[in-house]
Amino acid sequence: MRMELRHIRNERQAIMVFDELVRRYGEHVAKRVQQELGSSEFSHLRLEELSPYLVLRAEEAHREYQRRLDRATMNLGACTMRDETTEVLYDRWRTAEELSYLLAIAEDANHSRVTETT
C-alpha cells in the first residue's frame, strides 16, 4: 500500500515537473529531459537546479568516457571491449552534452521572451 501511494505521488510530481518544463521551454525540451532522466530522477527534479545538474551530468559522462579511453590505450588487448563500451560511454556523453546545450538555448529564448513582454 505504501509503495503504491509513493508511486502515485511520484507520478503526480513527474506530471507537474513535465507541465512546468513545457510551460518554460516547450514540449520538445520537456520530452528530451524526461527521456534522458530516469523516472525517479525526473520526479524529484528541481527545475531551478536543472541546468547546472545537466552540465554536471555531461561532465561526469565525459570523465567516464575519457577514463575508458585512457585504460584502453594502456591495455591494447582490450580493443574489442573498447569498441562496444567506449561507444556506449561516448553516446552517453554526447547525449548529456546535447541536452545541456538544448536547455541553455531554451533558457535564453525563454529569458528573451520574458524580457520582451515586460
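Anything mentioned here points back to the structure above.
The following refers to the structure shown. (Residues numbered from 1 in each chain as written. Predicted model: local features only at pLDDT ≥ 70, side-chain atom pairs only at ≥ 80, totals over all residues. Heavy atoms only, no water.)

Thoughts on the overall build of the protein chain
Point 1. A tally of helices and strands in the protein chain yields 5 helices and 0 strands.
Point 2. Here the protein chain holds 118 residues, and 27% of them are scored as buried.
Point 3. The long-range fraction of contacts in the protein chain, counting pairs at least 24 apart against all pairs at least 6 apart in sequence, stands at 63%.
Point 4. Summed over its atoms, the accessible surface of the protein chain is roughly 8,500 Å², and 54% of this surface lies on carbon and sulfur atoms. (Helix = DSSP H or I, 4+ residues; strand = E, 2+ residues; numbered from the N terminus. Buried < 20%, exposed > 50% of the residue type's maximum accessible area, 1.4 Å probe, protein only. Contact = heavy atoms within 4.5 Å. Areas by Shrake-Rupley, 256 points an atom, 1.4 Å probe, with all protein chains shown as cover.)

Structural notes on the nonpolar core
Point 1. Judged by nonpolar contacts, the single largest core of 17 residues is most densely connected at Leu21, Val33, Phe42, Leu45 and Leu50.
Point 2. Secondary-structure elements contributing two or more residues to this core are helix H1 (2-25), helix H2 (27-36), helix H4 (50-74) and helix H5 (79-117).
Point 3. If you tally residues by element for this core, the top one is H1, at 5 residues.
Point 4. Those residues within four positions of leucine 45 in sequence are excluded, and the remaining contacts are Val17, Val33, Leu37 and Leu50.
Point 5. Residues Tyr65, Leu69, Leu89 and Trp93 belong to the second largest nonpolar core, which totals 5 residues. (Core = buried A, V, L, I, M, F, W, Y, C linked by side-chain atoms within 4.5 Å.)

Re the packing of aromatic side chains
Point 1. Going through the model one piece at a time under the given rule, you end up with 3 aromatic pairs.
Point 2. Centroid distance tyrosine 65 to tryptophan 93: 5.3 Å. Interplanar angle 25 degrees. Geometry classified as stacked. Residue tyrosine 65 is located in helix H4, and its partner tryptophan 93 is located in helix H5; the two are separated by 28 residues in the primary sequence.
Point 3. Here the aromatic rings of tyrosine 90 and tryptophan 93 are separated by 5.6 Å at their centres, their planes lie at 80 degrees, and the arrangement is edge-to-face. With a gap of 3 residues between them, tyrosine 90 and tryptophan 93 both fall in helix H5, about one helical turn apart.
Point 4. Exposure remark for tryptophan 93: the relative accessible area of 13% places this residue in the buried category.
Point 5. Feature note: the residues Tyr65, Tyr90 and Trp93 constitute an aromatic cluster, connected by ring pairs.
Point 6. Residue placement shows arginine 94 over the ring face of tryptophan 93; its charged tip is 5.4 Å from the ring centre. (Phe/Tyr/Trp six-rings, centres within 6.5 Å; stacked < 30°, edge-to-face > 60°. Lys NZ or Arg CZ within 6 Å of the ring centre and 35° of its normal.)

Some remarks on the environment of glutamate 27
Point 1. Within the secondary structure layout, glutamate 27 lies in helix H2.
Point 2. Leave out the neighbours within four places in its chain, and glutamate 27 touches Phe18 and Val22.

Regarding H2
Point 1. Of all the positions in H2, only Val29, Ala30 and Val33 are classed as buried. Looking straight down H2, one finds its buried side chains confined to an arc of 100 degrees; they lie on one side. Exposed and oriented more than 90 degrees from the buried face of H2 are His28 and Gln35. (Arc of directions from axis to C-beta.)

Regarding H4
Point 1. For H4, with 25 residues, the first-to-last C-alpha span of 36 Å sits near the 36 Å given by 1.5 Å per residue.
Point 2. Within H4, the full set of buried residues consists of Leu50, Ser51, Leu54, Ala58, Ala61, Tyr65, Arg68, Leu69 and Ala72. (Expected span 1.5 Å × (residues − 1).)

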